[in-house]
Structure formats: structure tokens, C-alpha cells
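The lines below spell out each chain.
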Amino acid sequence: MNNLEAALLERIRDCGPITFAEFMETALYSPSGGYYSRLDGLRDSGAGPADYFTSPMAHPVFGALVAVQLREMWTRLDGPDEFAVVEQGAGDGLMARDITAYARRLDAAFANALRYTAVDRLPRPATWHPVVAPDRSPLAVTGCVLSNELLDAMPVHRFVIRQGEVRELYVGVRDGKLCEVEGAPSESVLVARLGNPAAKLPDGFRGEVNLGLDDWARHVSGILRQGYVLTIDYGYARPQLYAPARWRGSLRCYYRHTLDANPLERVGRKDMTAHVDFTAVDDALRSAGFVKAGHTTQAQFLDSLGAGRILASLRSRGLPQHEANANRIGIVELLNPQGMGNFRVSIHAKQAPIEPRPAGLAERGDSSQPWEPLPLPLLQQGEGHAALLASRYPEAAQPPATTWEDLFAARAGDS
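Quick caveat, the model's predicted, so the values are computed rather than measured.

Criteria and cut-off values
- Residues numbered from 1 in each chain as written.
- Predicted model: local features only at pLDDT ≥ 70, side-chain atom pairs only at ≥ 80, totals over all residues.
- Heavy atoms only, no water.
- Helix = DSSP H or I, 4+ residues; strand = E, 2+ residues; numbered from the N terminus.
- Buried < 20%, exposed > 50% of the residue type's maximum accessible area, 1.4 Å probe, protein only.
- Polar contact = N/O pair within 3.5 Å; in protein donor to acceptor, adjacent residues only side chain to side chain.
- Contact = heavy atoms within 4.5 Å.
- Pairing = 2+ DSSP bridges.
- Salt bridge = Lys/Arg side-chain N within 4 Å of Asp/Glu carboxyl O.
- Axes fitted to C-alpha atoms, helices over the stretch in contact; angles between N-to-C directions.
- Nonpolar A, V, L, I, M, F, W, Y, C, P; charged D, E, K, R; others polar.

## Points about the side chain of Asp-277
Then comes step 1: You can see Asp-277 is positioned in strand β15 (residues 276-277).
Then comes step 2: Take Asp-277: its relative accessible area is 6%, and that puts it in the buried class.
Then comes step 3: Polar side-chain contacts of Asp-277 include one of 2.9 Å to the side chain of Arg-238.
Then comes step 4: Sequence-distant contacts of Asp-277, defined by excluding residues within four places in its chain, comprise Arg-193, Leu-213, Tyr-236, Ala-237, Arg-238, Leu-241 and Tyr-242.

The structure is reproduced here in C-alpha cells:
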């Protein structure tokens, strides 16, 4: 038992069961051994990698194509002299670095206007781009609030359906260990968010509700006077998220890169996430003064912005085979419809045009797409991206020990 678990046990013994949201907040974000504060310590010491893998880590094309979308948003706003981008949940600043670097290659005027602020609730000395605390976010700016896999890590309340009623799942103590305890809902809004589950959800159905989205949306509205919210995460609209087929819920834990089913074990040593209710995201942002431009998948979003053209350019670049393979597998990972390609992308606007549809939401052939040639982003050693090819096919990731020129020279010497 670690110190964080001991502190939770003592608190529950003294005060009674706590909501899962309170438990998750502590397990992930406590400065005294929460997962993300502990993870930063591991990274800083070089003791171990993260237990999760994100799109910016797959290939710099992710940040590059997000930069293409940001530039299109800038042009929709008539190219202001200052275009603020506030990235929430920026981690070590890898995506920030990729976006700002590609902006300089893409359009000098846009790059000069770009004012990029990377924000994280547990900022640390960043490897790739400066990262600041949320209270240093700019206010009332023109630009875009951007997040990638931010909302899935927000604390959630858990529930179960019992005989047509919503019961909340709390964290209690039994026999000296953390355990699950059922009780009446702690917040009426939890039941209101679900509507009437008795009519559509089977007995024993489990799920999660993020009650922090309204506060998040109000915070975003304070940042933006005019502009867009670009949200990338995994999840579904509410009817799909709370479908009977998903009766086990969407909460997932990851420990040492493997799926872990019990959130009450190894507290502070594992990542925890839950799928995002994008209907709730729409509702929260609408209440905060935004209008929805649309939703799509990450694969469609990146393809609409030029992923296919970049892959074609990669094939014609004449790179050594092992370099071409490494770049291709990273890009394809982002487009995989059974993986990252199935992430959801939503765009909302405040005092900003949404017609025609933003480029990342456009269908193939739509005139709003940025069809000009795009610079080719390539993996570079030591720049923070995952070596997907080397980890999966190590023999294919190595340059050949002997070149064709060496073979011909050796053969000529033998003759």
C-alpha cells in the first residue's frame, strides 16, 4: 500500500464513501503521488515511459495538419494580426512544438500572427515547448482553444442501473481495502444527464458521467472573445455512448502499457480514462455561447486536411526504405479506423463563421479544402515521437548493413 492509498483509506473511514469523481481526481492529480505528478517524476528521471500513447507521439503530421486547420480558422477571421491558440492539457509540449514548427513552413504571415500558449494543470519544465498553468491562460482573445485527449481524463461519476433506477457507484472501504459501494445519486444532474434510462438500459448497465464539462465550457468561453474550439478525443454522441451493448461502461485503466480493469488497485500508478459524451460537450458549449460547426472522425479530419496527399508525397520523396516505412506506419496509425482514426473531432465557434464547413470537417472535393501543396513533415531522431516501426517490426526499421553500391563495388573487386 502506498501513501496515497493510505490517505484515501483514512479519509473514507473518517468521512464515509466518496464519489468516484473525487477518487479519480485524487488518484490522477494529487501532488502527493497522483498518477500524472508521479509520471512527470518518472519522465524527468528517465525511469520509465508513459502508460499511454497519444496522436502527437505517432508522427509530426498530426500537429502539422492541425496547423493547417488553425491557419484556415485564421483566414476565416480575416487574418488578424494576433491569432491566439490555447492548447489545454499540453503535457510536455510536443504537439505545441510540432504545430508552431509547421506553421513557419506553411505560411509566414500566419506564423507571425500565431500566439501559442500551451497549458497543463501540472506544468513542468517542458521538453519541447514552454507549458504554463491554467491560471496563466490568456483571456478574451481571438483564436482557438485546442485540446487532444483532455476531456477523457476529467474525473467522472460512475453509475449502475438497478431495477430501472440510477444508482451511483461510490468508493468505500471493506476489510481494509478500497471497494465499490452503491448509493443514491450524489447530484440530481447525474440522473438528468441520462434522461430516462429505465426505458433503454438493461439492469446492471454501468456507465460514467462527466459533470465537469459545464465549468470547462465556461472557462473556454472566458478565454475566447471570438474564434473556435477544436476538441479531439475518444467518445460518442450520447445514444451511442449509453447503448445497451456498452453495458460495462467505458472506464479504462492502463498500467505499464496494458489494460487494467480495476481502478481501485495500484492507486496513483495507473492512468484512468473514460469515453467522452460529445452530446454533453455540445450542450455545455452551447450554454457557454458557442455554436456547433460539426463532428467527424480523426481519420476523416486528417484526410480532409491533406493526410492522403502527404502519404502520396512520401512515396515520391525517394527516402531510404527504412525511413519511408517508419514515416508511413506513423501516419497510417493516425488514420486507422479501428484505433486513433476513430477518435472524434468536434469544432465549435463563438462569433466566428462556420459556413462553409471548416476544412477539417469538409467532404472530399469541397471547395473549402486547402488544396495547395503542403510541406512534408518527417520523423526526426530525438524529437519526441514514438518509434512505432522499430517497436513492432525492428528488422524493418534498421537501415540495410550493405548498400547496393557496396555490393556492386565488392562484385567488381572479385572479378
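## A look at the sheet that holds strand β10 (residues 224-233)
Then comes step 1: The strand order across the open sheet built from seven strands is β4-β3-β2-β5-β10-β17-β16, with neighbouring strands paired in mixed fashion. In this open sheet, the two edge strands, each paired with only one partner strand, are β4 (131-132) and β16 (291-297).
Then comes step 2: Strand direction decides the pairing type here: strand β3 (residues 114-119) and β4, joined by two bridges, are parallel. Opposite Val-119, over in β4, you have Val-132 as the bridge partner.

## What about the pattern of salt bridges?
Then comes step 1: The final tally for this structure, using the stated rule, is 17 salt bridges.
Then comes step 2: Close ionic contact of Arg-238 with Asp-277 constitutes a salt bridge, the shortest N to O distance being 2.9 Å. Pair noted here: Arg-238 is in helix α10 (residues 238-241) and Asp-277 is in strand β15, with a separation of 39 residues, a long-range link. You'll find Arg-238 and Asp-277 in the same group, each marked buried.
Then comes step 3: The shortest N-O distance in the salt bridge between Arg-286 and Asp-283 comes to 2.7 Å. Pair noted here: Arg-286 and Asp-283 are both in helix α11 (residues 278-287), with a separation of three residues, about one helical turn.
Then comes step 4: We classify Asp-283 as partly exposed; its relative accessible area is 27%.
Then comes step 5: Linked by salt bridges that have partners in common, Arg-238, Asp-277, Asp-283 and Arg-286 make up one network.

## Side note on the packing of helix α12 (residues 298-305) against helix α13 (residues 307-315)
Then comes step 1: Orientation of α12 relative to α13, taken along the N-to-C sense of each, is 65°, at an axis distance of 5 Å. Together, Leu-302, Asp-303 and Leu-305 of α12 and Ala-307, Gly-308 and Arg-309 of α13 make up the contact between the two elements.
Then comes step 2: When grouped by side-chain class, the residues that make up the contact of α12 with α13 number three nonpolar, one polar and two charged.

## Some thoughts on the sheet that holds strand β13 (residues 258-260)
Then comes step 1: One open sheet holds the three strands; their spatial order is β13-β12-β14, and the pairing between them is antiparallel. Either end of the sheet is taken by a strand with one partner, and the two such strands are β13 and β14 (271-273). Along the sheet, successive strands turn relative to each other by an average axial angle of 35°, direction set aside.
Then comes step 2: Pairing of strand β12 (residues 252-255) with β13, which is carried by three bridges, proceeds in the antiparallel orientation. By the bridge assignment, Tyr-255 is partnered in β13 with Thr-258.

## So, the environment of Ala-90
Then comes step 1: Within the secondary structure, Ala-90 is located in the loop between β2 (83-88) and α6 (94-106).
Then comes step 2: Residue classification places Ala-90 among the buried residues on the basis of a relative accessible area of 7%.
Then comes step 3: Spatially, the C-alpha atom of Ala-90 lies 9.2 Å from that of Thr-117, the residues being 27 residues apart in sequence.
Then comes step 4: Dropping the residues within four chain positions of it, Ala-90 is found in contact with Ala-118, Val-119, Asp-120 and Val-131.

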